[in-house]
Amino acid sequence: MMDKVPVVDYLRKRLLPAGSPMPGDDDPLFSNGLIDSFGVLELIAFLEEEYGINIDTAKHHITDFDTLRKVTQVIAQEKEGRGHG
Amino acid sequence: LNPVFWGLLLGNVALNAAARRWGRTSYIREWVFAATQLASLLLIADIGWKPVLFFVLPLLVAVYLLGKALALAGGARKNRLLFWVAVLIPVAALAITKYSILRVAMGRIVSAAGWQLAIVPVAGLSYLVFKSIHYLVDVSSGRISGPTFRSFLGFTLFLSTYPAGPMDRYDRFRKDFENPVPLTCQDAFEATWRIVVGLFKKYVLAALLARFAFSAFTTPELASASPSTIWMSVYAYALLIYLDFSGYSDLAIGSGRLLGVVVPENFRHPYLKRNIIEFWNAWHITLSNWLRDYLFMPIGKALMKRKRAGGSNLTIAAASYIATFAVAGIWHGDGLNFLLWGVYNGVGLSVCKAYGQWTRPLPPAFHRFMQETIFGKGLAVALTFHFVVAGMVLFGNDLTRAMLVFRRLAGIG
């Protein structure tokens with residue numbers, strides 16, 4: 001199971017407004033305006049650095065980063081892809 | 001209100017309903033759909049059969065085949081040259097026909113070669129080119145697999161959305177193309193009602209506003225009208241643009257539904273948004289999403305990769321917003337005012353992003369006040385609306401006249 005703590009920390013410290021409640025695993029981040037499209041890019045840059053993966057934005061739609069669960073799925077897919085590659 | 005369009009639409013609905021009912025295979029049904037879209041465009045005088053037959057169709061064949069070749073070659077990563085050639089062909093086709101400087105230059109080359117060929121703007125080409133780029137990028141990345149020419153033709157030439165969107169995505173459109181959404185009596189009623197609403201917005205409400213909205217934009221009246229009259233006229237113009245375009249989108253969505261295609265929504269109460277980022281997520285949504293996915297994200301991602309340690313994300317955000325909207329401005333039209341309108345919006349988005357960053361550490365009470373109280377929300381909506389309206393002055397006028405409108409709005413001159 002993917003460790004999502006670093007992602008949660010990053011969202012709380014860098015992207016979400018101060019004091020806002022942490023979204024649940026399936027709560028929308030982008031589609032309800034909690035983070036904007038550049039926030040998604042910042043999140044992608046963080047994920048690449050933190051998890052040592054390369055996320056190709058041409059292959060992933062922005063909605064792939066819309067919830068914590070989806071973000072962890074992308075991380076898992078990319079790690080797996082790298083492992084097979 | 002072109003009777004030919006409505007005749008074609010009805011013919012389209014009847015033919016495709018018959019094809020769904022009696023077409024022996026999905027292959028026949030799909031070709032009937034694609035062919036009726038092409039035939040409809042050939043019959044619309046405003047578009048003209050010659051540009052469609054001798055320019056649009058060959059261009060689409062080229063884009064489709066280049067997409068196939070890209071997929072076979074393993075995508076853009078493995079064959080960058082092929083990818084850029086494929087993207088540049090539709091972009092060059094648009095540039096040569098849309099921008100007067102290039103049109104004149106190309107006209108000279110053509111006549112020097114001894115050919116009798118008039119280079120004219122082609123209706124709907126701007127959207128066609130963005131759809132082509134989306135197709136090429138997504139085929140190349142593997143997001144679109146196994147495209148068929150009939151579905152590509154149906155997607156690009158779809159009568160309901162051909163002139164000005166909403167701009168669907170190939171993979172989403174293809175689902176409806178291959179399995180048209182069944183049309184119950186209730187659906188048919190709702191689709192027809194949507195068309196009626198669209199007609200009312202576009203041809204009644206917008207038309208009523210038109211005389212007043214444009215009165216301050218004509219030179220004699222602009223010089224003599226009071227600032228308050230010009231303010232009202234500019235507000236009316238903003239309302240008119242919304243009614244006209246969202247009315248047109250209603251027509252596209254309603255007529256698309258009659259043909260078994262669920263066309264994506266294009267507007268979500270844009271004038272009630274609290275900042276310019278929210279506004280662009282609610283105005284001409286399908287174009288905004290295209291700009292986000294095919295310009296903003298790749299530009300931002302590339303700049304993020306090149307960021308030096310300690311570099312500012314805000315600078316990258318600003319560069320990405322301004323570059324994206326500068327392209328959006330140039331895409332909208334041939335004139336410096338369009339480029340400036342794009343840069344203006346890019347700067348507005350950057351300021352909005354910076355504001356979000358700067359206010360993020362402020363106490364929760366500040367955010368609650370701005371987001372939950374009538375005063376906070378009202379202030380944000382009013383500021384956003386006026387920012388958009390000022391942009392529309394740039395969008396709707398050449399630069400000299402826009403400056404004159406701004407001066408008159410401020411009571412100068």
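Residues numbered from 1 in each chain as written. Chains lettered and ligands numbered in written order. Predicted model: local features only at pLDDT ≥ 70, side-chain atom pairs only at ≥ 80, totals over all residues. Heavy atoms only, no water.

So, about the environment of K273 of chain B. Here K273 of chain B is to be found in the loop between helix 11 (227–258) and helix 12 (276–280). If sequence neighbours within four positions are ignored, K273 of chain B has contacts with R268, E278, F279, A282, A380, V381 and T384 of chain B. (Helix = DSSP H or I, 4+ residues; strand = E, 2+ residues; numbered from the N terminus. Contact = heavy atoms within 4.5 Å.)

What follows deals with the nonpolar core. In this structure, V7, L43 and L47 of chain A are the most contacted members of the largest nonpolar core, which totals 124 residues. Per-element accounting of this core gives the leading share, eleven residues, to helix 11 of chain B. Once residues lying within four places of it in the same chain are set aside, the contact partners of V7 of chain A are L43, F46, L47, Y51, L68, V71 and I75 of chain A. (Core = buried A, V, L, I, M, F, W, Y, C linked by side-chain atoms within 4.5 Å. Buried < 20%, exposed > 50% of the residue type's maximum accessible area, 1.4 Å probe, protein only.)

With that settled, the discussion passes to the packing of helix 2 (residues 26–43) of chain B against helix 8 (residues 170–178) of chain B. All names here are of chain B. At their nearest, the axes of helix 2 and helix 8 sit 10 Å apart, and the two run at 120° to each other. Taken together, the axes of helix 2 and helix 8 are oblique relative to one another. Contact residues: R29, E30, F33 and A34 in helix 2; F173, F177 and E178 in helix 8. Counted by class, the contact of helix 2 with helix 8 contains four nonpolar, no polar and three charged residues. (Axes fitted to C-alpha atoms, helices over the stretch in contact; angles between N-to-C directions. Parallel < 35°, antiparallel > 145°, perpendicular 65-115°, else oblique. Nonpolar A, V, L, I, M, F, W, Y, C, P; charged D, E, K, R; others polar.)

Residue and element names in this part refer to chain B. Per the counting criterion, the structure on display carries 42 aromatic pairs over all chains. Seen in terms of ring centroids, F245 and Y248 are 6.1 Å apart; in terms of plane orientation they differ by 20°. Their pairing is stacked. Of the two residues, F245 and Y248 are both situated in helix 11; the distance of three residues between them amounts to about one turn of the helix. Here the two residues F245 and Y248 agree in accessibility, since each one is buried. Judged by centre distance (5.5 Å) and plane angle (25°), the ring pair of F279 and W283 falls under stacked. In this structure F279 comes out as buried when scored by relative accessible area, which is 3%. (Phe/Tyr/Trp six-rings, centres within 6.5 Å; stacked < 30°, edge-to-face > 60°.)

Residues and elements named next belong to chain B. Secondary-structure assignment places G124 in the loop between helix 5 (100–112) and helix 6 (125–141). G124 gets classed as buried once you look at its relative accessible area, which sits at 15%. Taking C-alpha positions, G124 is 21 Å from G11, a pair spaced 113 residues apart along the chain. The contacts of G124, once residues within four sequence positions are left out, are Y162 and P163.

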